[in-house]
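Breakdown of the fold
Below, each chain spelled out in residue letters.
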Amino acid sequence: MRLARVIVVVVLAALASVYVVAGAPIALAVFGVQVLYLLKLRRWWLLAAQAVLVYTASVAGGVSTGILGFLAGSLLLTPAHRDTARVLAPLVVASAALIDAARGGATADATITVVLVSLVVFGLTRLVERAGEMHAARLSLAAAAVAAERLRLAAELNDGLGRSLEVIVEGGRRAIAEPDGAGEVLASVTATARAALADARAASADYRATSLAPELVTARAMLDAAGIAVEVRGGHTEPLGPGGALLANVLREAVTDVVRRGTARLCVIETSEQGDEQGATETSEQRDKPGNTVRLRVVDDGHRTAESPDFDGLRLEEAGGTLVAGLSPTGHFVVEATLPRGPSPAALPGGTGTADAGAPEPPAGRRRRRPLPTLTHDASYAVSVAVLAAVLVGFSVKALLQLPGALVIPAAACLAVIVVMQLRSVNGRHMVALGVMAVLTYAPIPVFGPVWLGVAGFLAGPVLLAFPWPAAWPMTAAIVGGVAAAGMLFGLPAPVLANSTLSALVTGLVVYALLRLAQIVKELQAARESLARAAIVEERLRAARDLHDLLGHSLAAILLTCELTRRLKCPPERIEEIVAMAEGARADLRSVSGEQRELSLADEVESARTVLSAAGIRVTVEPAELNLPAEVETVLGTVLREAVTNVLRHSEARHCAITMRAGEGGLLLRVSNDGVSSAGVHTGRTRPGSSGIGNLTTRLAALDGRLTSYVDGDRFILDACVPHRAPVPA
């Protein structure tokens with residue numbers, strides 16, 4: 001924002017310098033008042049002082065009535081009594097025409113000059129203000145986007161999982177009240193719990209598919225733990241859409257293969273995007289848009305043959321993508337996957353996006369994941385372009401008024417082309433457009449005469465915008481110098497020559513300022529929309545983690561208890577336990593929907609002991625009585641939930657040990673179990689779609705913690721270490 005204000009101050013100083021050179025040093029005071037207006041010091045007494053200054057300079061000092069444009073622009077900017085100010089501004093323009101008519105000057109030219117100066121003053125100041133407002137509102141916009149996404153998630157989850165939990169609670173209570181029909185009721189409750197668990201895992205996978213970030217975090221952690229140097233180069237724009245899940249699976253399989261081989265010293269993970277618009281003619285707007293294709297590359301130096309990991313079942317081809325794996329000419333093993341981007345997100349809460357026709361269809365029976373809410377486009381950019389167009393047209397009309405009638409039409413055609421090229425400059429650097437403007441600036445001079453020298457200012461503005469300043473300023477100096485040289489060849493008087501040269505420079509600065517501020521407004525709009533999209537993606541990832549780690553665990557425990565209760569002929573105490581679990585799952589569902597919930601590590605240890613014991617697994621616990629921060633207890637409690645779920649789902653354990661040990665660096669939570677021989681997940685083979693370890697790695701990384709897992713004999717060991725200040729015994 002400081003750069004925007006500096007640009008405006010420089011332009012205002014350049015405008016004032018025109019009148020100073022014309023012999024009116026009072027214009028310096030007018031400039032000072034205008035700077036105060038830019039700093040939002042806007043009082044009627046200051047406006048009155050400016051009126052005295054400009055009318056004194058114009059009426060008593062004989063200065064060009066264009067200086068009245070400062071007053072008209074200030075009136076348009078006055079917040080108090082805005083309607084009165086807007087009525088007075090046209091009166092100032094009319095007074096300039098009357099003063100010039102009394103002098104016998106060109107009334108139309110004077111009127112246009114006043115209007116142009118007022119537009120420049122108002123437009124530049126208002127654009128700076130609007131840019132500041134957009135910059136300040138970026139966080140509130142992101143917060144609004146997250147709030148809307150939470151409401152949408154809550155409605156969606158309560159409509160499905162919330163009803164399922166309600167059915168489980170009501171069924172459990174009915175089974176207690178009617179013991180004779182408890183078996184049949186519990187069978188229905190079990191089916192509902194199984195379906196709810198499947199829905200929770202499917203929803204978690206859907207939400208997680210919007211981003212590769214969790215898998216990148218997991219991949220880095222796995223490679224670091226294996227002693228392999230890793231470089232991650234993210235070049236994609238999120239959210240990714242449905243294809244994100246497929247790319248995550250490719251990344252997971254590729255990194256697992258690198259770790260399993262154990263011969264690599266370096267692994268490079270790179271993501272990038274490609275769109276339809278490529279090459280030098282690509283505009284900045286096109287570069288800011290997400291590409292149509294997302295590419296993932298995993299390169300390592302540990303392969304000796306072209307044997308690739310097992311990617312069977314990923315079905316990238318069915319989604320319109322490609323997957324290639326093999327040795328490169330340099331001897332590195334490369335896995336490269338490309339996929340078309342899914343539904344295009346737009347940004348602000350309040351609407352819905354449209355799905356990409358080329359996106360893969362979800363499997364039968366699965367609901368389609370909704371795209372992100374649509375962002376409404378801010379009108380500031382349109383206003384900035386409108387002000388720029390008005391100023392360009394005004395300058396053009398001033399030039400046309402000075403030409404003979406026979407030359408007006410060809411001159412108007414040339415100026416129309418230049419104006420269009422100028423407006424294109426807002427969207428990026430166009431060398432062809434600059435070339436066309438350069439030709440139309442200099443080639444017509446012999447035909448149109450000295451009047452055409454002012455058009456050089458139209459060329460100076462885009463040059464300042466298109467090139468780095470060390471190159472742009474010498475080029476601008478050459479353009480202005482060319483105006484002076486051409487004026488001397490035409491034999492212009494010294495005052496007229498000085499005015500033409502300075503006017504070309506001022507016009508160039510004005511055009512540059514309007515172009516640059518229009519770009520700044522557009523960049524701020526894109527930045528805040530990007531921030532809102534990122535906030536929505538992060539909220540979905542949080543919901544995915546909580547669905548998997550919190551609600552998924554609760555539903556898995558409910559399902560397990562339901563099945564055990566049915567085998568034990570439905571004892572009432574077991575059914576009451578199911579009802580209590582379902583009530584707790586409701587709290588987990590509220591947490592998924594955005595309600596903050598803290599977990600107690602001690603309560604989670606007791607819950608783990610109960611669930612594992614109910615499954616016939618012997619449990620030993622070595623607790624440590626510590627005063628831990630709430631966020632540490634919540635994260636470690638979540639880790640314990642996931643570890644217990646994995647023991648139940650992926651092993652044939654007979655014994656599980658839960659150990660907590662305090663050290664100088666923090667707390668270590670260890671969960672170990674036997675029965676690892678038949679547990680594929682514990683022997684290095686990951687399950688497609690598995691996200692538990694990635695979720696836990698992400699949660700621990702937020703606290704500078706780490707997660708490691710390994711096999712020791714017939715036991716699988718999961719360690720979670722959270723560093724913080726030395727724990728204090730309770």
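1. A few points about the overall build of the chain
Helix and strand counts for the chain come out as 22 helices and 12 strands. A buried classification covers 52% of the 730 residues belonging to the chain. Within the chain, contacts between residues at least 6 apart in sequence are counted, and of these 75% link residues at least 24 apart.

2. Digging into the packing of aromatic side chains
Inspection of the entire model under this criterion finds 4 aromatic pairs. Between Phe-395 and Phe-458 the ring centres are 6.2 Å apart and the planes differ by 70°, which places this aromatic pair in the edge-to-face class. One end of the pair, Phe-395, is in helix H12 (residues 380-401); the other, Phe-458, is in helix H16 (residues 456-466), and 63 residues separate them in sequence. Residue Phe-458 is classed as buried on the basis of its relative accessible area of 3%. Ring plane angle 80° and centroid distance 6.1 Å describe the contact between Trp-469 and Trp-473, whose orientation is recorded as edge-to-face. Of the two residues, Trp-469 and Trp-473 both sit in helix H17 (residues 469-489), 4 residues apart, roughly one turn of that helix. The class for Trp-473 is partly exposed, based on a relative accessible area of 37%.

3. Things to note about the confidence of the model for the chain
Across the chain, pLDDT averages 79, with 86% of residues at or above 70. This stretch, residues 276-289, has a pLDDT under 50; its non-local contacts, to residues over four places away or in other chains, come to 12 contacts. In this model, residues 678-689 is a region of pLDDT below 50 whose contacts with residues beyond four sequence positions or in other chains number 27 contacts.

4. Some thoughts on the pattern of salt bridges
Throughout the structure, instances matching the rule amount to 18 salt bridges. In this structure, the salt-bridge partner of Arg-126 is Glu-129, at a minimum N-O distance of 3.1 Å. Placement of both Arg-126 and Glu-129 in helix H6 (residues 107-136) is noted, with a separation of 3 residues, approximately one turn of the helix. Overall, Arg-126 belongs to the partly exposed group, its relative accessible area being 30%. With relative accessibility at 10%, the residue Glu-129 sits in the buried group. Residues Glu-577 and Arg-574 are paired through a salt bridge, measuring 3.4 Å at the closest nitrogen-oxygen approach.

5. Considering a nonpolar patch on the surface
A surface patch of nonpolar side chains, about 360 Å² in accessible area, is lined by Trp-44, Val-87, Leu-88 and Leu-91. No other element matches the 3 residues that helix H5 (residues 82-103) contributes to the nonpolar patch. Position of Trp-44 relative to the elements: it lies in helix H3 (residues 44-60).

6. Describing the pairing of strand S6 (residues 618-622)
In S6, alternate side chains face the same way, and those of Val-619 and Val-621 are buried while those of Arg-618, Thr-620 and Glu-622 on the opposite face are not. In terms of strand pairing, S6 meets strand S8 (residues 655-663) through 5 bridges, oriented parallel. By the bridge assignment, Val-621 is partnered in S8 with Ile-658.

7. A look at the sheet that holds strand S11 (residues 715-723)
In space, the 5 strands of this open sheet follow the order S6-S8-S9-S11-S10, with mixed pairing throughout. Where the open sheet ends on each side, the last strands, each with one partner, are S6 and strand S10 (706-712). On average, each strand axis in the sheet is inclined to that of its neighbour by 15°, with strand direction left out of account. As defined by bridge partners, S8 adjoins strand S9 (residues 666-673) across 8 bridges and the pair is classed as antiparallel. From the neighbouring strand, Cys-656 faces S9, where its bridge partner is Asn-673. Packing against the sheet, helix H20 (residues 601-614) makes contact with S6, S8 and S9, and its axis sits at approximately 160° to S6. Lying on the sheet, helix H21 (residues 630-650) is in contact with S8, S9, S10 and S11; it crosses S9 at an angle near 10°.

8. Looking at the side chain of Thr-645
Its location among the elements puts Thr-645 in helix H21. Once residues lying within four places of it in the same chain are set aside, the contact partners of Thr-645 are His-553 and Ala-556.

9. Topic: the packing of H3 against helix H4 (residues 68-77)
Taken N-terminus to C-terminus, the directions of H3 and H4 make an angle of 160°; their axes are 8 Å apart at the nearest point. By the criterion of interaxial angle, the relationship of H3 to H4 is roughly antiparallel. For H3 against H4, the interelement crossing comes out left-handed. Facing H3, whose interface residues are Leu-47, Gln-50, Ala-51, Val-54, Tyr-55 and Ser-58, H4 presents Leu-68, Phe-70, Leu-71, Ser-74 and Leu-75. A per-class count over the contact of H3 with H4 returns 8 nonpolar, 3 polar and no charged.

Here is what the cut-offs are and how they apply
- Residues numbered from 1 in each chain as written.
- Predicted model: local features only at pLDDT ≥ 70, side-chain atom pairs only at ≥ 80, totals over all residues.
- Heavy atoms only, no water.
- Helix = DSSP H or I, 4+ residues; strand = E, 2+ residues; numbered from the N terminus.
- Buried < 20%, exposed > 50% of the residue type's maximum accessible area, 1.4 Å probe, protein only.
- Contact = heavy atoms within 4.5 Å.
- Phe/Tyr/Trp six-rings, centres within 6.5 Å; stacked < 30°, edge-to-face > 60°.
- pLDDT = per-residue confidence, 0-100.
- Salt bridge = Lys/Arg side-chain N within 4 Å of Asp/Glu carboxyl O.
- Patch = residues over 30% accessible without salt bridge, like charges linked within 9 Å, V, L, I, M, F, W, Y side chains within 5 Å.
- Areas by Shrake-Rupley, 256 points an atom, 1.4 Å probe, with all protein chains shown as cover.
- Pairing = 2+ DSSP bridges.
- Axes fitted to C-alpha atoms, helices over the stretch in contact; angles between N-to-C directions.
- Parallel < 35°, antiparallel > 145°, perpendicular 65-115°, else oblique.
- Left-handed = near helix turned anticlockwise from the far one by under 90°.
- Nonpolar A, V, L, I, M, F, W, Y, C, P; charged D, E, K, R; others polar.

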